[in-house]
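Inside the fold
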Amino acid sequence: MAVSAFRNGCLPIFHIPPQLPRSARKVDGRSKGFRLPLFARYSQTQDVFSSRLRISVENLPKLVEDIVQTSINTGPKGALRLVQGIQAFVGVSGEWLADVSKSTNTSAGLPPQLQLGLLSPLYLRRLFERLGATYIKLGQFIASAPTLFPPEYVEEFQNCFDKAPAVPFQDIQTIIREELGRPINSVYEYIDPTPIASASIAQVHGARLKGSQEDVVVKVLKPGIEDILVADLNFVYIVARILEFLNPELSRTSLVGIVKDIRESMLDEVDFYKEAANIESFKRYLEDMGLTRQATAPRVYQHCSTKRILTMERLYGVPLTDLDSISSLVSSPENSLITALNVWFGSLLACEIFHADVHAGNLWLLRDGRIGFLDFGIVGRISPRTWAAMEVFLTSIATEEYESMASALIEMGATNKDIDVKAFARDLEKIFSSIQELDTEIVVATSRGTNTNATAISANLVVDERQMNALFLDVVRASESYGLRFPREFALLMKQLLYFDRYTRLLAPNLNMLQDQRISIVSNRRSKSYGANKY
Ligand SMILES: Nc1ncnc2c1ncn2[C@@H]1O[C@H](COP(=O)(O)OP(=O)(O)OP(=O)(O)O)[C@@H](O)[C@H]1O
């Protein structure tokens with residue numbers, strides 16, 4: 001049962017099933033349709049429309065000024081991106097037309113996933129992938145923001161992969177040389193021309209330092225990526241401004257504010273000084289809490305790091321989902337998981353930043369048995385107050401205390417309305433009890449610890465994750481129906497907990513992540529702040 005799944009330390013996952021459970025559609029007889037106003041406001045009367053228009057026209061000069069200013073800031077690169085955008089649009093339109101013509105040859109008619117044209121989730125996701133870095137990141141943002149976007153889109157954008165073709169090594173060498181301001185061989189003994197990884201924004205190469213002969217990796221920002229980001233984000237900003245102008249109600253959802261937030265956090269990701277500062281901050285936290293024998297983050301070599309290249313100690317290890325390799329490295333995968341959890345939970349308050357992207361590629365078990373945290377491009381900051389409410393929320397899931405759960409959600413969600421806690425608690429209880437009958441066997445099979453049968457476990461994980469994720473969405477929607485809006489940190493935190501939930505099911509299926517005495521989710525209060533220094 002799902003509730004017993006929580007007792008086993010399982011949490012809802014951000015993966016949305018296409019067919020949401022009954023509880024996703026209705027709670028307490030209220031329709032819980034989930035749409036941005038953009039998708040849902042077609043039934044306005046003419047009067048309302050014209051009064052809106054009157055209000056909007058007054059804002060026209062400001063809008064025009066904003067568009068002109070943003071276009072000037074974008075410069076000629078805007079035109080280039082426009083051409084690339086048109087090419088991507090034509091390409092995906094071709095795919096859509098081909099699929100339409102295939103389905104018109106069948107008797108079943110046009111399937112729903114084709115009906116919205118390029119605005120349907122599948123084709124929009126493909127368009128985003130063709131448009132490259134900015135849109136891939138935007139897609140990932142949509143995938144992690146179920147409170148803001150319709151579930152079909154959230155689900156489809158889970159597939160927005162951050163892989164990209166590698167930049168030729170010659171171009172990478174040019175960037176490194178320019179950034180260093182001296183010959184490459186004066187700093188590195190060698191750099192491996194074959195990249196370890198090539199993502200949308202950066203490419204990573206293995207290398208060895210001259211002199212000390214230490215193994216390092218060099219993370220290199222892909223050429224022209226900042227220009228692309230600026231051009232694209234300015235375009236998205238203009239679209240958001242126009243939408244808000246056409247429909248002033250959108251300003252209540254603060255669409256422009258969201259776009260500004262995304263712009264800020266994406267531009268942060270292309271500044272390796274910031275990533276280096278985040279790593280340093282995390283390392284100081286480990287040192288000051290005496291955790292260096294349990295966990296680490298790569299040392300940054302400042303003399304060969306700049307805004308566009310980051311030279312770091314090379315870590316050797318395996319992702320936390322690689323059960324076979326983990327078992328060959330340590331006798332108790334469960335203990336390794338507990339360490340990872342304690343270090344991460346501890347950082348929530350004892351370090352100014354927390355690692356906000358702990359997917360398996362970024363969380364390793366190292367050969368020496370320590371946990372390695374990689375990639376501090378995305379970090380979050382949480383206030384002690386929000387975390388205190390989060391702790392109550394997590395505990396109430398395990399103890400099934402719905403009034404505490406309601407109060408914690410109210411504490412976290414911004415609202416100035418008075419909320420009926422008891423009614424909210426009843427709605428939450430309904431959500432949780434409505435999933436009691438969900439595939440009991442799945443959870444039972446997982447919790448029996450079938451760790452010899454990796455395939456069965458992963459199959460179970462997928463199904464179970466979908467259910468848990470739907471449950472989480474239900475909770476968010478129920479909260480929204482009471483006027484609650486959660487801060488970005490809430491979604492960021494939940495996403496990390498869902499990653500940990502996945503690791504728990506793989507490495508320690510009988511572990512109760514929320515209640516086990518060995519795991520300290522209760523705050524290590526921030527006695528001292530290990531903030532990111534400015535470089
Ligand atoms: N210090 C390191 N030691 C060993 N390998 C590393 C190190 N840093 C990065 N890598 C390798 O390079 C890959 C990509 O690095 P990183 O995650 O920092 O880049 P990214 O562009 O942010 O990628 P993503 O968006 O996929 O997380 C990692 O998954 C890992 O395989």
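The rules behind the values
Residues numbered from 1 in each chain as written. Predicted model: local features only at pLDDT ≥ 70, side-chain atom pairs only at ≥ 80, totals over all residues. Heavy atoms only, no water. Buried < 20%, exposed > 50% of the residue type's maximum accessible area, 1.4 Å probe, protein only. Helix = DSSP H or I, 4+ residues; strand = E, 2+ residues; numbered from the N terminus. Pairing = 2+ DSSP bridges. Core = buried A, V, L, I, M, F, W, Y, C linked by side-chain atoms within 4.5 Å. Polar contact = N/O pair within 3.5 Å; in protein donor to acceptor, adjacent residues only side chain to side chain. Contact = heavy atoms within 4.5 Å. Phe/Tyr/Trp six-rings, centres within 6.5 Å; stacked < 30°, edge-to-face > 60°. pLDDT = per-residue confidence, 0-100. Patch = residues over 30% accessible without salt bridge, like charges linked within 9 Å, V, L, I, M, F, W, Y side chains within 5 Å. Areas by Shrake-Rupley, 256 points an atom, 1.4 Å probe, with all protein chains shown as cover. Salt bridge = Lys/Arg side-chain N within 4 Å of Asp/Glu carboxyl O. Axes fitted to C-alpha atoms, helices over the stretch in contact; angles between N-to-C directions. Parallel < 35°, antiparallel > 145°, perpendicular 65-115°, else oblique. Left-handed = near helix turned anticlockwise from the far one by under 90°. Expected span 1.5 Å × (residues − 1).

The name an unreviewed UniProt entry gives the chain is Protein kinase domain-containing protein, with Rubroshorea leprosula as the organism.

Let us look at the pairing of strand β6 (residues 215–221). Summarising burial for β6: six of the seven residues are buried, a large majority. With seven bridges connecting them, strand β5 (residues 202–209) and β6 associate as antiparallel partners. Residue pairing for β6: V204 is matched across the bridge by K219. The hairpin turn running from β5 into β6, its antiparallel successor, is five residues long, and G211 in that turn takes a positive phi close to 85°.

Okay, the nonpolar core next. L320, W344, F373, F393 and L409 are the most contacted members of the largest nonpolar core, which totals 121 residues. Listed in part, the 18 residues of the second largest apolar core include F169, I176, I191 and V216.

This next bit is on the side chain of H355. Along the chain, H355 falls in strand β10 (residues 354–355). You can call H355 buried: its relative accessible area is 0%. Of the polar contacts made by the side chain of H355, one reaches the backbone oxygen of L374; its length is 2.6 Å.

The subject of this paragraph is the side chain of K222. With respect to the helices, strands and loops of the structure, K222 is situated in the loop between β6 and α12 (225–246). In this structure the side chain of K222 is engaged in a polar contact, spanning 2.8 Å, whose partner is the side chain of S198. Ignoring sequence-local partners within four residues, the contact set of K222 consists of A164, P165, V167, S198, A199, S200, I201, A202 and Q203.

A sheet is described by the order of its strands in space; here four strands give the open sequence β7-β12-β11-β9, paired in mixed fashion. Only two strands of the sheet have a single partner each, and these edge strands are β7 (295–296) and β9 (317–319). Relative to strand β12 (residues 371–373), strand β11 (residues 363–366) runs antiparallel, the two being bridged by three bridges. When the sheet's bridge partners are listed, W364 is paired in β12 with G372.

Right, let's get into the packing of aromatic side chains. Under the defined criterion, the tally for this structure stands at 12 aromatic pairs. A ring pair is formed by F282 and Y285, whose centres lie 5.6 Å apart and whose planes are at 55°; its orientation type is tilted. Residue F282 and its partner Y285 are both found in helix α14 (residues 272–288); the two are separated by three residues, about one turn of the helix. F282 sits in the buried class, given a relative accessible area of 0%. Given the relative accessible area of 1%, Y285 is considered buried. Between F282 and F373 the ring centres are 4.9 Å apart and the planes differ by 55°, which places this aromatic pair in the tilted class. With F282 in helix α14 and F373 in strand β12, the pair connects residues that are 91 residues apart, well separated along the chain. By way of ring pairs, the aromatic residues W344, F345, F354, W387, F500 and Y503 are connected into one cluster.

With that settled, the discussion passes to the pairing of β11. Of the two faces of β11, the one lined by L363 and L365 and the one lined by W364 and L366 are each fully buried. Examined bridge by bridge, β9 and β11 share three bridges and lie antiparallel to one another. Within β11, the residue paired with G317 across the bridge is L366. Linkage of β11 to β12, two consecutive antiparallel strands, is achieved through a turn of four residues, within which G369 is found at a positive phi near 90°.

What follows covers the confidence of the model for the chain. Detailed reading of the predicted model is not advised wherever pLDDT is low. The share of residues in the chain with pLDDT of 70 or more is 72%, and the mean pLDDT across the chain is 76. The model gives residues 1–55 a pLDDT under 50, and that stretch makes 138 contacts with residues more than four places away or in other chains. Confidence over residues 437–463 falls short of pLDDT 50; this stretch has 33 contacts with residues more than four positions distant or in other chains. For this predicted complex, the interface score ipTM comes out at 0.97, alongside a pTM of 0.72.

Turning to a nonpolar patch on the surface, a few remarks are in order. On the surface, L82, I86, F89 and V90 cluster together into a nonpolar patch covering about 400 Å² of accessible area. Along the chain, L82 turns up in helix α6 (residues 77–104). Residue class for L82 comes out exposed when judged on its relative accessible area of 54%.

On to the packing of helix α17 (residues 384–399) against helix α18 (residues 402–412), then. Between α17 and α18, the least distance of the axes is 8 Å, while the angle of their chain directions is 155°. By the angle between their directions, the pair α17 and α18 is classed as roughly antiparallel. Two packed elements cross with a definite hand, and for α17 against α18 that hand is left-handed. Judged by residue contacts, R385, T386, A389, M390, V392, F393, S396 and I397 of α17 engage S404, M405, A408, L409, E411 and M412 from α18.

This brings us to α17. Taking 1.5 Å per residue as the helical rise, α17 with its 16 residues ought to reach 22 Å, and the 22 Å between its terminal C-alpha atoms agrees with that figure. Within α17, burial applies to T386, W387, A389, M390, E391, F393, L394, S396, I397 and A398. Residue E400 follows α17 closely and has a positive phi angle near 60°.

To continue, consider the pattern of salt bridges. According to the stated counting rule, one finds 19 salt bridges in the structure shown. A salt bridge links E275 to K219; its shortest N-O distance comes to 3.2 Å. Here E275, found in helix α14, pairs with K219, found in strand β6; they are 56 residues apart in sequence, far enough to count as distant. Residue E275 is classed as buried on the basis of its relative accessible area of 4%. By relative accessible area, K219 is classed as buried at 12%. Across the pair R381 and E352 runs a salt bridge, and its minimum N-O distance is 3.8 Å. Here E352 lies in the loop between α16 (333–350) and β10 and R381 lies in the loop between β13 (379–380) and α17, a separation of 29 residues in the sequence. The partly exposed category is assigned to E352, whose relative accessible area is 28%. One connected set of salt bridges, linked through shared partners, spans E179, E226, K307 and R308.

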